[in-house]
Amino acid sequence: MKNRIYLLLTVLFTFGSITAQVDRSQQPNPGPAPKITLDQPVEFELANGLQVLLVENHKLPRVSMNLAFDRTPIIEGEKCGVTSLLGAMLGNGTTTISKDEYNEEIDFLGANISFGFNGGFASSLTKYNERIIELLADATMNSLLTEEEFRKEKDRLLESLKSQEKSVDAIAGIVGGALTYGTHHPYGEFESESSINKVNFEDVQSYYANYFSPSQAYLVILGDINPDEMKVLVEKNFGAWKKNEVISQEVPEATANPSQLEINFIDMPNAVQSNISLTSHVKLEMSDPDYHAVLIANKILGGGFNSYLNMNLREEHGFTYGARSSVGSDQYITRFRAGASVRNEVTDSAVVQTLKEVKRIQDTLVDEAALKNAKAKYVGDFVLALEQPSTIARYAINVKTNNLPADFYSTYLEKINAVTTADVQRVAKKYFNGSNARFIVVGKGSDVIGNLEKTGIPIKYFDREANPVEKPQFLKPIPEGMTASKIFENYVEAIGGSKALNGVKTIRTTVELTIPGAPFKPTGVMKSMAPNKESMEISASGMGVIMKQVFNGKSGYNEQQGMKTEMSDEEIEKKKAEKGLFPEMYLNSENISLISLSPLNGADVYKIQISENSFRYYDSESFLLVRTEEMREAQGQKMIQTTDLSEYKSIDGVMMPHTSTLTIGPQVITYTTSEIKINDGVSKKDFK
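Residues numbered from 1 in each chain as written. Predicted model: local features only at pLDDT ≥ 70, side-chain atom pairs only at ≥ 80, totals over all residues. Heavy atoms only, no water.

Caption draft 1: Structural view of the overall build of the protein chain. Along the protein chain, the regular secondary structure elements total 20 helices and 26 strands. By principal-axis analysis of the C-alpha atoms, the protein chain measures approximately 85 × 60 × 50 Å. Buried residues in the protein chain amount to 52% of all 688 residues. A separation of at least 24 residues holds for 71% of the contacts in the protein chain among residues at least 6 apart in sequence. Taking the average location of the 72 positive side-chain charges in the protein chain and that of its 88 negative ones, the two points are 6 Å from each other. (Helix = DSSP H or I, 4+ residues; strand = E, 2+ residues; numbered from the N terminus. Buried < 20%, exposed > 50% of the residue type's maximum accessible area, 1.4 Å probe, protein only. Contact = heavy atoms within 4.5 Å. Lys, Arg positive; Asp, Glu negative; His and termini not counted. Charge placed at Lys NZ, Arg CZ, Asp CG, Glu CD.)

Encoded structure:
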């Protein structure tokens, strides 16, 4: 079937047009750093060991409560996922209040209560704080854990893991931690179908009993409160929380950083882009004298739009939507990362340019203006964050759990502004490891390995669970006599034969679109008439037609939100070159070439190059078209657009796909066909 899904590209920019109008390349002029005054909390400890911090603030008639645990990192082992399951089950009712009654009361009060394995949060108007603290305490001490809820959450988690199997970024996250720290380390463990299936209901109950202890917890309450009255409420509601014996595990040493820079490659045959990440573990705590300098150094390297990495990989070379770096802080061990998601064909170049920018910040003093702007951005973010009660609570907990001085946050901006260019260079050399580190690359081996090998960096291969493997066979030998023309012939026969296809004069397709983040679910109607007339309308409930495109065989236009734009000469010539509804029926075999036979989504496919920037993929067994791929440019960025086609069904003797997924950069649109009509429902007036 003729590929028309690329028309939906413009829908993406309907939702992003406001953002596109902001010029982020212009840094605002920094003003003087404000003086930060943070109220010191009233502190006390219950007999059961619960540490309580009360912060009085009467600006608004609201109260927020944060419960946080300070535990030694937990090693879940072969049952990794038990804490995720427990966290999902918490806060869904208590042994005294059913799930529905619990949630209904919270909604009625206009309050908010949420829970996870690492703690809970509640907020409400001041007049309801007595009831909210009762509900928070009840959910903490008497959370309702049932086998029925356990099964539901287990199924949800397994479904979530299944949905990530084809996600390059998800696999990069899993393997990145596992290779950096080791799967024996709590920071390197990851959930899998196997580990989740080993978890039983008793494990969840055991973790709740063993790890929910007041002696490992902090409760921060801030807002419109009277400390004396709140202390009475805390003792009344949390005093009955039984103290458990603290379970402490030895935290093992993380896997050593490699002796030299290496590439750890994970093959994803379905990938249209690569996730690259330069990574190594480092030691950095919030109490470290280098802490503030590392924050600024990272901001300059990859912590913002104007950073070295982003200006190189995105702005200068157009490899990616955004390149970033990060450095964590932790009392045990943490991680430095720098990288991006990039197009397959520039994977090796992105690796080289990332290393270049790391070396640049290590070898050359940063510009004073860049340092000044980085500080200004940090000051702005810090001050803005103070408007959120959760920020104040987190700061109070950080001071306790990280053994920080009481004035750590009140002097925070002074220390940020004291960072010098020499400090940036010094900490970059110490914490931004570009020598004995790993470049974790997840991508399509058949497209990227050849050029990655040319970088001269040693490559080691791993599977999606971080197990070492031999170098995969990325390309398979093409059977003798197989050509692009032969594949086209087989495709035509597979979907109905040339006679049936020649009999198709019009096609009318009705689809439902799924666009992540969209506040509605659009529908679309696409119409085609041989040889090359086509139209498309995208509508949304309550909004009417939000986008339209029409081509009448000679000229055409795009219409978006009432704004009509004539097609460019280039667009018109491209559409005129189309000679039918099925490209395989008219493409000139002299201008196409069979590139490879390689795996894709669990099956072998033939890759055919149609033009310099256009490819089509056909299943080697069924010869059905399973993917189209094209290089496009939007908002100054080059992007690979793919459309995966599946669920072929016969419509009047012609096989047509009923599910397609369009991916372009970070955006994904899935559409499901509800109806296809052949030689019905289309007339010439549809193309006016």
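Caption draft 2: Region of interest: the sheet that holds strand β3 (residues 62–69). If you trace the six strands from one edge of the open sheet to the other, you get β1-β2-β6-β3-β5-β4, paired in mixed fashion. At either margin of the open sheet sits one strand with a lone partner, and together these are β1 (42–45) and β4 (112–116). Across this sheet, the average inter-strand angle for adjacent strands is 10°, counted without regard to direction. Each of β1, β2 (51–56), β3 and β6 (217–223) touches helix α14 (residues 389–401); the most contacted strand, β6, lies at about 145° to it. (Pairing = 2+ DSSP bridges. Axes fitted to C-alpha atoms, helices over the stretch in contact; angles between N-to-C directions.)

Caption draft 3: Quick look at the pattern of salt bridges. Applying the stated criterion across every chain yields a total of 31 salt bridges. Residue Arg343 pairs with Glu345 through a salt bridge whose shortest N-O separation is 2.8 Å. For Arg343, a relative accessible area of 9% translates into the label buried. On the accessibility criterion, Glu345 (37% relative accessible area) is partly exposed. The closest approach of N and O atoms between Lys548 and Glu537, which form a salt bridge, is 3.6 Å. Of this pair, Lys548 sits in strand β17 (residues 544–551) while Glu537 sits in strand β16 (residues 533–540), and the two are 11 residues apart along the sequence. Judged by its relative accessible area of 22%, Lys548 falls in the partly exposed class. Since its relative accessible area comes to 32%, Glu537 is described here as partly exposed. Connected through shared salt-bridge partners, Asp290, Asp423, Arg426 and Lys430 make up one network. (Salt bridge = Lys/Arg side-chain N within 4 Å of Asp/Glu carboxyl O.)

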